[in-house]
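Observations on the model geometry
Each chain, letter by letter, is given below.
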Amino acid sequence: MPDGPPPEARRELSADCGECFGLCCVALPFTASADFPVSKAAGKACGNLTDAFRCGIHDRLRGEGYTGCTVYDCFGAGQRVSQVTFGGRDWRREPGTARAMFDAFAVMRQLHELLWYLTEAAALPAALPAARPLRADLRRALADVERLADGDAAALAGADVPALRARVGDLLSRTSERVRAAVPGRTKDHRGADLMGARLRGAALRGARLRGALLIAADLRKADLRTADLLGADLRDTDLRGADLTDALFVTQPQLNAAKGDTATRIPPHLTRPPHWLPA
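Residues numbered from 1 in each chain as written. Predicted model: local features only at pLDDT ≥ 70, side-chain atom pairs only at ≥ 80, totals over all residues. Heavy atoms only, no water.

Quick word on the packing of helix 5 (residues 98-122) against helix 8 (residues 161-180)
Running from amino to carboxyl end, helix 5 crosses helix 8 at an angle of 15°, the nearest separation of the two axes being 11 Å. Taken together, the axes of helix 5 and helix 8 lie roughly parallel to each other. Crossing of helix 5 against helix 8: the hand is left-handed. Contact residues: V107, Q110, L111, E113, L114, Y117, L118 and A121 in helix 5; V161, L164, R165, V168, L171, L172 and T175 in helix 8. Its residues assigned to classes, the contact of helix 5 with helix 8 comprises 11 nonpolar, 2 polar and 2 charged. (Axes fitted to C-alpha atoms, helices over the stretch in contact; angles between N-to-C directions. Helix = DSSP H or I, 4+ residues; strand = E, 2+ residues; numbered from the N terminus. Parallel < 35°, antiparallel > 145°, perpendicular 65-115°, else oblique. Left-handed = near helix turned anticlockwise from the far one by under 90°. Contact = heavy atoms within 4.5 Å. Nonpolar A, V, L, I, M, F, W, Y, C, P; charged D, E, K, R; others polar.)

Structure below.
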């Protein structure tokens, strides 16, 4: 099976904070909780954002209580809005652009997430005959989302994102079904299941449908998650030590960042092992 999106697509859909005007640190709100030590309103700059649009505590976010920042990823939306949509104009030098820029970022982040999933799905049919009939639909959807992402701030503001997410979600679901249909002995459907804290150590979940499942703090040590559909699954504090996610479908970097793992955890080759994961 292919190893996910091609390198050039992955680069465009990966955050490059050096090309962004700290949009996630300003546009997004957060509330004092286990993930953040303080509260911040949307549109207000985080107190840790420097004049150069860098995080002043990036190397110690977890230690300072900003775990929420370590599990967030804009999928490259920040640099696209900063450098393309607004042509390198930043909200500090041109305060009049701030509101439109932050609104555009909120939409672009959703579009880039869809592009990530679609790009991964489009890479699958070439090696999976059963899924080949969906190739044209996937390419059309990719082109449609890219066209929206190429629009100006006004066009982004007018985008019907819920309808687009529904359309793309259905297409990804059909792709997943075709891919997982080739897996012998698939387990039952766990879509949206409440598996918080579930004891699933060593579970045979190859080809399972875990889309949108709540796996918070679940024990999935040494579980077989190959070809499992994990789109939107909540993996906060999920114990993935020794688990096999080699070709799991629709896994994202934020999901891995939110989970617990170790050097024995097998992950898709296009993703990065989080630095807080432990040795085996």
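Okay, back to it.
Here's the deal with the confidence of the model for the protein
The predicted model of the protein averages 92 in pLDDT, with 93% of residues at 70 or higher. No element of the protein has a lower mean pLDDT than helix 1 (residues 7-12), which averages 68, and none a higher one than helix 4 (residues 77-85), which averages 98. (pLDDT = per-residue confidence, 0-100.)

So, the nonpolar core
Side chains that are nonpolar tend, in soluble globular proteins, to be buried together. Ranked by internal contacts, the top residues of the largest apolar core, which has 73 residues, are L23, W91, L118, L210 and L225. For this core, the elements supplying multiple residues, two or more each, are helix 2 (24-27), helix 4, helix 5, helix 6 (135-149) and helix 8. With 14 residues, helix 5 is the single largest residue contributor to this core. Grouped together as the second largest cluster of nonpolar side chains are 6 residues, F30, F36, C46 and Y66 included. (Core = buried A, V, L, I, M, F, W, Y, C linked by side-chain atoms within 4.5 Å. Buried < 20%, exposed > 50% of the residue type's maximum accessible area, 1.4 Å probe, protein only.)

Examining helix 6
For helix 6, spanning 15 residues, the distance from its first C-alpha to its last is 21 Å, which sits close to the expected 21 Å at 1.5 Å a residue. Listing the buried residues of helix 6 in full gives L138, A141, L142, V145 and A149. Down the axis of helix 6, the buried side of the element spans an arc of 105°, and every buried residue falls inside it. The exposed residues of helix 6 that point more than 90 degrees off its buried face are R139 and R147. The elements touched by buried residues of helix 6 are helix 4, helix 5, helix 7 (153-157) and helix 8. (Expected span 1.5 Å × (residues − 1). Arc of directions from axis to C-beta.)

Digging into the environment of A122
Within the secondary structure layout, A122 lies in helix 5. Distance in space between the C-alpha atoms of A122 and A136 is 8.9 Å, their sequence separation being 14 residues. Those residues within four positions of A122 in sequence are excluded, and the remaining contacts are L138 and L142.

A closer look at the packing of aromatic side chains
On inspection of all chains with the given rule, the structure shows 8 aromatic pairs. With centroids separated by 5.3 Å and ring planes inclined at 55°, the aromatic side chains of F21 and F53 adopt a geometry described as tilted. Of the two residues, F21 sits in the loop between helix 1 and helix 2 while F53 sits in the loop between helix 2 and helix 3 (67-70), which places them 32 residues apart along the sequence. Here F53 falls in the buried class, since its relative accessible area comes to 13%. Geometrically, the ring pair formed by F30 and F36 is stacked, given 4.3 Å between the ring centres and 10° between the ring planes. Take F30 and F36: they sit in the same class, and that class is buried. Ring pairing ties together the aromatic residues F21, F53, W91 and F102, which thus form one cluster. (Phe/Tyr/Trp six-rings, centres within 6.5 Å; stacked < 30°, edge-to-face > 60°.)

Description of the side chain of T85
With respect to the helices and strands, T85 occurs in helix 4. Excluding residues within four positions of it along the chain, T85 makes contact with R80, M108, G151, D152, A153 and L156.

Brief notes about the environment of P29
Along the polypeptide, P29 turns up in the loop between helix 2 and helix 3. Spatially, the C-alpha atoms of P29 and G65 are 16 Å apart, while their sequence positions differ by 36 residues. Each residue touching P29, except ones within four places of it in the same chain, is listed here: K40, A41 and A42.

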